[in-house]
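# A look at the structure
This is what each chain is made of:
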Amino acid sequence: MITIFYASALVALVATALAITRSNPVHGLLWFVVSLLAMGVIFYTMGAPFAAALEVIVYAGAIMVLFLFVIMMLSLDRAAAARERSWIARPVWVVPIILVALLGAELARVFLHGAPGASRVVSPQEVGVRLFTSDLAAVELASMLLLAGLVGAFHLGRKSP
Amino acid sequence: MIPWPMPTGLALVLFLLGLLGLLARKNLVFVLMSIEIMLNAAGLLFISAGLRWGDPDGQIMLIFVFNLAGAELALGLVLLLRLRARQPALDSDDANLLRDAP
């Protein structure tokens, strides 16, 4: 199981690194989908099968495909890809890399001083029971959030007068 | 089983990759995607914490993170489409006026 975890972690890291450095948005998004599928495997090896199914079905399957459809509606041409390549080629990466490396070093230092703990498989049944008993108010709030997103997207997406 | 610092560290690295993309890229499609990467890394952190304590709350929080990501992405993509209708390049530098250019 640990070998599968490390292999999936490697796939997730490489795919994410490729996703944020592509010049073509569709290529970048497909790399990100690969990263999400690897993340689903990671969730499964960590004892969270329900989260693994959600990751593949909801995130990679629904949210990312919505993203992909909208990008295809944008109809970016070859000139856009060339312009994008010129943006990436410039040394814009230097300062962000320094800042992110600094933040990463700080956080890694915090994580290295933790103690290992016990683990077990958390079944979908436990998740469902907890979700619809003690966390019911949060479910209602989540539905309100989705409604707000729906109304907002509908309002912004109207044809302008 | 997997020791919990491993997925926690992975979540950290993925979050920083997302942050790097957010800081360095100018194309708004990639900015949105970097936000998704960071949200997903936060979800992995929740799952990792759930593994540490053997508790279903981590997976419940992941569901709410997905919920948030879906709502955020719907609004972000609509804004992207509106912006695209007005200017040819999805450059974040060109979208700093929030109104028609004078």
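Whatever comes next refers back to the structure up there.
Below, the structure is looked at part by part. Positions within a chain are numbered from 1, following the residues in the order the chain's sequence is written. Labels follow written order: the first chain is A, the first ligand is 1, and so on. A pLDDT threshold of at least 70 governs which residues receive local features in this predicted model, and a stricter bar of 80 or more applies before side-chain atom pairs are shown or counted, although totals over entire chains, interfaces and linings include all residues. The basis for the side-chain values is all heavy atoms of the structure; hydrogens and waters are excluded.

Our next topic: the overall build of chain B. Secondary structure summary: chain B contains three helices and zero strands in total. Here a strand is any run of E in DSSP of at least two residues, a helix any run of H or I of at least four, and the numbering for each starts at the N terminus. Put simply, chain B runs from its N terminus to its C terminus through helices and strands in the order α-α-α. In terms of C-alpha radius of gyration, chain B reaches 17 Å, well past the compact-globule figure of 13 Å for 102 residues. C-alpha atoms of chain B, sized along the principal axes, occupy 60 × 25 × 15 Å. Partly exposed describes any residue whose relative accessible area lies between the buried limit of under 20% and the exposed limit of over 50%, with all areas from a 1.4 Å probe on protein chains only and scaled to the type maximum. Split into buried and exposed, the 102 residues of chain B put 59% on the buried side. For this analysis, residues touch if any pair of their heavy atoms sits within 4.5 Å. Expressed as a percentage of contacts within chain B between residues at least 6 apart in sequence, the contacts between residues at least 24 apart total 59%. Accessible surface computed for chain B: about 4000 Å², of which carbon and sulfur atoms make up 68%. C-alpha atoms define the radius of gyration, and 2.2 Å times the number of residues to the power 0.38 defines the globule rule. The Shrake-Rupley method, run with a 1.4 Å probe sphere, supplies the accessible areas, and residue values consider only the shown protein chains as cover.

A word on the environment of A:Ile42. With respect to the helices and strands, the residue A:Ile42 is situated in helix α2 (residues 25-45). In this structure A:Ile42 touches A:Phe5, A:Ser8, A:Ala9, A:Ala12, B:Leu10 and B:Leu44, once residues within four positions along its chain are discounted.

Over its 18 residues, helix α1 (residues 2-19) of chain A extends 25 Å from the first C-alpha to the last, a length consistent with the 26 Å expected when each residue adds 1.5 Å. Every buried residue belonging to α1(A) is among A:Phe5, A:Ser8, A:Ala9, A:Ala12, A:Ala15, A:Thr16 and A:Ala19, and all of these are buried. Projected down its long axis, α1(A) carries its buried residues within an arc of 140 degrees, all on one side. For α1(A), exposure combined with an orientation more than 90 degrees from the buried face picks out A:Thr3 and A:Leu10. Taken together, the buried residues of α1(A) touch α2 of chain A together with α1 (5-24) and α2 (28-53) of chain B. The span one expects for a helix is its residue count, reduced by one, times 1.5 Å. The arc refers to the directions leading from the helix axis to the C-beta atoms.

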